[in-house]
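Breakdown of the fold
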Amino acid sequence: MIDLAFVRANLPLVEEKLRSRGMDPALVLGDFVAIDRERRNAITRVETLKAQRNKLTEEIAKLRRAGEDATAPMEQTKVLKSELEALESMAAKADERQREMMQTLPNLPQESVPAGKSEHENVVVKTWGEKPNFDFPAKPHWEIGEALGILDFERAAKISGSRFVVHFGQGARLERALANFMLDLHTAQHGYTEVMPPNMVNSKSLFGTGQLPKFVEDLFHCDDKGSYTPGEFQDGDHWLIPTAEVPVTNLFRDETLEDGQLPVSFCAYTPCYRSEAGSYGKDVRGMIRQHQFQKVELVKFCKPEDSTAEHERLTEHAERVLELLGLPYRRMLLCTGDMGFASSKTYDLEVWLPGQGLYREISSCSNFEAFQARRANIRYRPAGAKKSEFLHTLNGSGLAVGRTYLAILENYQQADGTVEIPEVLVPYMNCDTVIGKQKQTGRS
């Protein structure tokens, strides 16, 4: 969340930032000023009446000790009690309305983020690698994988429905090889600590990273101890994680780190589950939009003054995976209208897919500043300071394993239908250098 005091003191700036995101401030903020004034006035009046009640209580005690009549101040106390109850109820309602408003308010874009309405106004920051030049028609990954017998969409649909896939043989090994390669790179060379978190989280965790309440339709809720009630972030309910960002960021929820502990860098390999709400009819073929996919996630916790540099560093770590695999890509700086809800600045890495003739997002690297830390109450204590502050969080895919997999199929396809294995993956592939046709599926 954004700091309430900041919104109150910089309302015109907040409204300008919302407009840059393509939002109508009147719809997002509603009657913020009126609600805030009502809440503050009610709280002030409550404190005044409480002070009056305390004085009357002291007066009643003195009268009783003196054996005098205390009826008048006692009657005043009853009137005050009634007024207090009404004012406290009013303040609580205004506080709840304001809290709901702040929970749905997106993060504010940094000054370096370009203004724009859609992905078409994102800015190319960098391109890397040479696109392969085939002397045969390039095929999309689903045709390559099905012909080799390493991908099976039909059987996946039979057992789970649409937007799932089964991997066989060298294809299954390639998925595992990619994950191990990424984890080894990030831990051994980039200094991340590997974490294996739970794949189910409670709603408080999803609130902390910004998925709830706004993106409930994109999530899979487990039918365990009851249904989810909007606005109630429980400990006992469970959701399948949409990304390892959620459990890993929440490792420090409601905790205060010491200055010397920062930065903290974690990486985690997990399955991810997304309903893909709103994507009906999009990318129905292949592995682009799956309900279940695997991803290696990078998460950082750092001091506010270090988050810009850490953002660049994290993005470079994700890029290094693509470079070692020899996959052409470009880095995009997302414009204000295409940024995620919780992000203050985002780079997307897009890999070239020759079988489809386009670039596709393979990693999204974001600086959330204090937005998630405020929602999850993650703080740090600066050296020599008595009071703690909210730290900054960052994360990015390092990388989405399934999309890296399909990028290899399309960029390393051969004229005979086989797929060459990138050199850095050969040790992880039992020293195989080529993926050939598999016989495990039993198709006639």
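The rules behind these values
Residues numbered from 1 in each chain as written. Predicted model: local features only at pLDDT ≥ 70, side-chain atom pairs only at ≥ 80, totals over all residues. Heavy atoms only, no water. Helix = DSSP H or I, 4+ residues; strand = E, 2+ residues; numbered from the N terminus. Buried < 20%, exposed > 50% of the residue type's maximum accessible area, 1.4 Å probe, protein only. Contact = heavy atoms within 4.5 Å. Areas by Shrake-Rupley, 256 points an atom, 1.4 Å probe, with all protein chains shown as cover. Lys, Arg positive; Asp, Glu negative; His and termini not counted. Charge placed at Lys NZ, Arg CZ, Asp CG, Glu CD. Pairing = 2+ DSSP bridges. Polar contact = N/O pair within 3.5 Å; in protein donor to acceptor, adjacent residues only side chain to side chain. Salt bridge = Lys/Arg side-chain N within 4 Å of Asp/Glu carboxyl O. Arc of directions from axis to C-beta. Phe/Tyr/Trp six-rings, centres within 6.5 Å; stacked < 30°, edge-to-face > 60°. Lys NZ or Arg CZ within 6 Å of the ring centre and 35° of its normal. Axes fitted to C-alpha atoms, helices over the stretch in contact; angles between N-to-C directions. Left-handed = near helix turned anticlockwise from the far one by under 90°. Nonpolar A, V, L, I, M, F, W, Y, C, P; charged D, E, K, R; others polar. Core = buried A, V, L, I, M, F, W, Y, C linked by side-chain atoms within 4.5 Å.

Per the secondary structure count, the chain includes 13 helices and 18 strands. Dimensions of the chain, computed from C-alpha atoms along their principal axes, come out at roughly 105 × 45 × 40 Å. With 444 residues in all, the chain has 51% of them scored as buried. Sequence-distant contacts in the chain: of pairs separated by 6 or more residues, those separated by 24 or more amount to 73%. Carbon and sulfur atoms provide 49% of the accessible area of the chain, an area that totals close to 21300 Å². Each charge class in the chain can be summarised by its mean position, and for the 55 positive and 64 negative side chains these summaries are 3 Å apart.

What follows deals with the sheet that holds strand β14 (residues 379-381). Each strand in a sheet pairs with its neighbour through backbone hydrogen bonds, running either in the same direction (parallel) or in the opposite one (antiparallel). Sheet architecture is open: three strands sit in the order β8-β14-β15, paired in mixed fashion. With one partner strand each, in any of the chains shown, β8 (256-258) and β15 (389-390) form the two edges of the open sheet. With three bridges connecting them, β8 and β14 associate as parallel partners. Bridge assignment links E258 to a residue of β14, and that residue is R381.

On the basis of which strands lie adjacent, the open sheet formed by three strands has the order β5-β7-β6 and antiparallel pairing. Strands with a single pairing partner mark the edges of an open sheet, and in this sheet they are β5 (200-201) and β6 (220-221). The pairing of β5 with strand β7 (residues 239-240) spans two bridges and is classified as antiparallel. Each bridged residue has a counterpart across the sheet, and for V201 the counterpart in β7 is W239.

On to the side chain of E350, then. Mapping E350 onto the fold places it in strand β12 (residues 345-353). You can call E350 buried: its relative accessible area is 13%. In this structure the side chain of E350 is engaged in a polar contact, spanning 2.7 Å, whose partner is the side chain of R330. Filtering out sequence-adjacent residues up to four positions away, E350 remains in contact with P328, Y329, R330, M332, Y359, R360, E361 and I362.

In this structure the tally under the stated criterion is 25 salt bridges. Close ionic contact of K17 with E111 constitutes a salt bridge, the shortest N to O distance being 2.8 Å. Placement of the pair is K17 in helix α2 (residues 11-20) and E111 in the loop between α5 (71-103) and β1 (123-128), with a sequence separation of 94 residues. Residue class for K17 comes out buried when judged on its relative accessible area of 11%. Of the residues examined, E111 reaches a relative accessible area of 69% and is grouped as exposed. Note that R40 and D36 form a salt bridge whose closest N and O atoms lie 3.8 Å from each other. You can see R40 and its partner D36 sitting in helix α4 (residues 32-65), four residues apart, about one turn around the helix. We classify D36 as buried; its relative accessible area is 5%. Each of K126, E312, E319, R320, E323 and R331 takes part in salt bridges that share partners, so that together they form one network.

Looking now at the pairing of strand β13 (residues 358-369). As paired strands, β12 and β13 are joined by nine bridges and run antiparallel to one another. Looking at β13, one finds that E350 is bridged to E361.

Along α2, the residues that are buried comprise L11, V14, K17 and L18. One face of α2 carries all of its buried residues, which in axial projection span an arc of 120 degrees.

Further remarks concern the packing of aromatic side chains. Here the structure, examined in full by the defined rule, presents nine aromatic pairs. Among the aromatic residues, ring-to-ring pairing joins F215, F341 and F371 into one connected group. The side chain of R331 reaches across the aromatic face of Y347, ending 4.6 Å from its centre. Directly above the ring of F207 sits R375, whose terminal nitrogen or CZ lies 4.2 Å from the centroid.

Remark: helix α8 (residues 169-188) packs on helix α13 (residues 401-411), axes separated minimally by 10 Å, with the N-to-C direction vectors making an angle of 115 degrees. Our pair here, α8 against α13, has a crossing hand that is right-handed. Residues G171, L174, E175, L178, A179 and M182 of α8 pack against V401, G402, T404, Y405, I408 and L409 of α13. Taken together, the residues of the contact of α8 with α13 sort by class into eight nonpolar, three polar and one charged.

Turning our attention to α13. With eleven of eleven residues buried, α13 lies mostly within the body of the structure. Buried within α13 are the following residues: V401, G402, R403, T404, Y405, L406, A407, I408, L409, E410 and N411.

This part covers unusual backbone geometry. In this chain, L262 is followed by P263 through a cis amide linkage whose omega measures 0 degrees. Within the fold, P263 resides in the loop between β8 and β9 (264-273). Of note, the amide linkage connecting G398 to L399 takes the cis form, showing an omega dihedral of 20 degrees. Mapped onto the elements of the fold, L399 is located in strand β16 (residues 392-400). Phi is positive for N377, which is not a glycine, with a value near 55 degrees.

Another aspect to go through is the nonpolar core. Counting 49 residues, the largest nonpolar core has L174, L178, I408 and L425 as its most contacted members. Of all the elements in the fold, those that place two or more residues in this core are α6 (141-148), α8, β10 (292-302), α11 (307-325), β12, β13, β16 and α13. It is α8 that provides the largest number of residues to this core, a total of eight residues. Setting aside residues up to four positions removed in sequence, I408 forms contacts with L174, L178, L325, L327, Q413, V419, E420, P422 and L425. Listed in part, the 21 residues of the second largest apolar core include L4, I35, L105 and F371.

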